[in-house]
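Topology and contacts: notes
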Amino acid sequence: MIKSLVRRLHNRVERFLALDNWGEILLLVLSVAGLAVANSSLAPTYFHALHAPLGVGPATLSVEQWVNDLLMALFFLLVGLEIKREMVGGDLSSPSQIALPGIAALGGVLVPVLIYVGLNWGHADALAGWATPAATDIAFALAALSAFGRGMPRPAFLFLSSLAIFDDLAAIVIIALFYSGGLSWPDLGLAALALAVLVGMNRLGVRRLAPYLVVGLVLWVAVLRSGIHATMAGVLLALTIPLGASSDDSEEEEDAGPSPLHRLEEALHPLVYFGVLPLFGFANAGVSFQGLDWSSLLDPVPLGIALGLFLGKQLGVFAFTAAAVRLGIAKLPAQVSWGGLYGIAMLCGIGFTMSLFIAGLAFPDAGLAGEAKLGVFGGSLLSALGGGLWLALARRQG
């Protein structure tokens, strides 16, 4: 039994890393392609295509909205499934496992926000982007740790992934509370009804995925029309998908086959990493540099985001982690040194996907949105290079 558990865990980690690494490369390539096209002679065609209407009647949205509202709902569905799995039977299923990454994530949200607000205080339009530097891109951060942190123990990866999960959870709450529009109570009622049906199916032990996905589509439409951002439908749907027993390695679940949650998670992984995220990167990374110069990087919005990601993340994560350890609230991950921990904290400043997403919600104005994306690029790049260099030097000295 123990050998089977170890073998299955090892295979899952290998598949995850192999899949995500290639997906991250594709995301990076298409993001760079979007940036290049937006600053080429094809720019008018690129922006026209993004804003072109697609659909019929009331189901008509722009191409950009379909990507950000529907496709990204699939991304948040996958995030929600991962959060539920880890909290029910994974690395976040006990208070001792939750304490350190949870406290670290809190610092990694608060300090970047304070830096951004401090630099943009008194500018109402700019303050709308306060949450942009609060996010960590779990995929890119783990990829950077894999690339630069060779020899780092497995607890280091578990700490970073757990921290990023809490970070994603915080971003989900922030989007729901602060980046939603005027509410439509009839549509909220329909969303509540759809959610109740999903919960009822879970309680009745329905294990087929098709009914959940059909009702989930109704939930997505209702949430989209309600004024709450449509991606929240993905998270709500994820929380109702049955996980089965406490983990996918239990004997009961082995007899019944993989749980609906694991089947859906496995099906979504390639779709999200090879489809949704690359398309999102291509559609949202296109920043036109027309009218911008190097001094634009020192404007409050891009500077606040860049410093929030690069300085705020590493200081917040490291300081809150150190405080939790010194106060005896939690213990440092096994075999992880303070130097290694600081390198991990620097990598948490890679915001990219989630930061770009929040920036798009915060700034409907194209000018401010462009400046925000510059800040996201700058802060994420500095964090990746800085964290990678720190870990490489630490490995040599160690």
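About the criteria used
Residues numbered from 1 in each chain as written. Predicted model: local features only at pLDDT ≥ 70, side-chain atom pairs only at ≥ 80, totals over all residues. Heavy atoms only, no water. Helix = DSSP H or I, 4+ residues; strand = E, 2+ residues; numbered from the N terminus. Contact = heavy atoms within 4.5 Å. Areas by Shrake-Rupley, 256 points an atom, 1.4 Å probe, with all protein chains shown as cover. Core = buried A, V, L, I, M, F, W, Y, C linked by side-chain atoms within 4.5 Å. Buried < 20%, exposed > 50% of the residue type's maximum accessible area, 1.4 Å probe, protein only. Phe/Tyr/Trp six-rings, centres within 6.5 Å; stacked < 30°, edge-to-face > 60°. Axes fitted to C-alpha atoms, helices over the stretch in contact; angles between N-to-C directions. Parallel < 35°, antiparallel > 145°, perpendicular 65-115°, else oblique. Nonpolar A, V, L, I, M, F, W, Y, C, P; charged D, E, K, R; others polar. Patch = residues over 30% accessible without salt bridge, like charges linked within 9 Å, V, L, I, M, F, W, Y side chains within 5 Å. Salt bridge = Lys/Arg side-chain N within 4 Å of Asp/Glu carboxyl O.

A short note on the overall build of the protein chain
- For the protein chain, the count of helices and strands is 16 helices and two strands.
- Long-range contacts, defined as pairs at least 24 residues apart, comprise 80% of the intrachain contacts of the protein chain with a sequence gap of at least 6.
- On the protein chain, roughly 18200 Å² of surface is accessible, and the fraction owed to carbon and sulfur atoms is 70%.

Re the environment of Ile344
- Relative to the assigned elements, Ile344 resides in helix α14 (residues 338-347).
- The sequence separation of Ile344 and Ala156 amounts to 188 residues, and the corresponding C-alpha distance is 7.9 Å.
- Those residues in contact with Ile344, other than ones at most four positions away along the chain, are Leu145, Met152, Ala156, Phe159 and Leu160.

Quick look at the nonpolar core
- Counting 104 residues, the largest nonpolar core has Phe75 and Phe76 as its most contacted members.
- For this core, the element with the most residues is helix α7 (residues 154-178), which contributes 11 residues.
- Residue contacts for Phe75: discarding those within four places in its chain leaves Val272, Val276, Leu277 and Met354.

What to know about the packing of aromatic side chains
- Overall, the coordinates contain 13 aromatic pairs when judged by the stated rule.
- Relative to Trp220, the ring of Trp66 has its centre 6.2 Å away and its plane inclined at 20°; by these criteria the two rings are stacked. In this pair, Trp66 is assigned in helix α3 (residues 63-89) and Trp220 in helix α9 (residues 209-226), connecting sequence segments 154 residues apart.
- Seen in terms of ring centroids, Phe75 and Phe76 are 5.4 Å apart; in terms of plane orientation they differ by 80°. Their pairing is edge-to-face.
- Taking the relative accessible area as the measure of exposure, Phe75 reaches 10% and is therefore buried.
- A residue is classified by how much of its surface remains accessible, and Phe76, at 0% relative accessible area, is buried.
- In textbook terms, an aromatic cluster arises when at least three aromatic residues are bridged by ring pairs, as seen for Phe75, Phe76, Phe280 and Phe357.

Regarding the packing of α7 against helix α15 (residues 352-362)
- Contact geometry of α7 with α15 gives a least axis separation of 12 Å together with a crossing angle of 10°. With respect to each other, α7 and α15 are oriented roughly parallel. Seen from α7, the contacting residues are Asp168, Ala171 and Ile175; seen from α15, they are Met354, Phe357, Ile358 and Leu361.
- Per-class residue counts for the contact of α7 with α15 are six nonpolar, no polar and one charged.

Some points on a nonpolar patch on the surface
- A contiguous nonpolar surface patch, about 420 Å² in accessible area, is contributed by Trp22, Ile25, Val29 and Phe274.
- At three residues, helix α1 (residues 2-38) tops the list of elements feeding residues into the nonpolar patch.
- Tracing the chain through its elements places Val29 in helix α1.

Structural notes on unusual backbone geometry
- The residue Gln335 is not glycine, and still its phi comes out positive at about 70°.
- Positionally, Gln335 belongs in the loop between α13 (300-326) and α14.
- Of note in the backbone geometry, Phe352 takes a positive phi value of approximately 35° without being a glycine.
- In this fold, Phe352 is placed in helix α15.
- Judged by its relative accessible area of 8%, Phe352 falls in the buried class.

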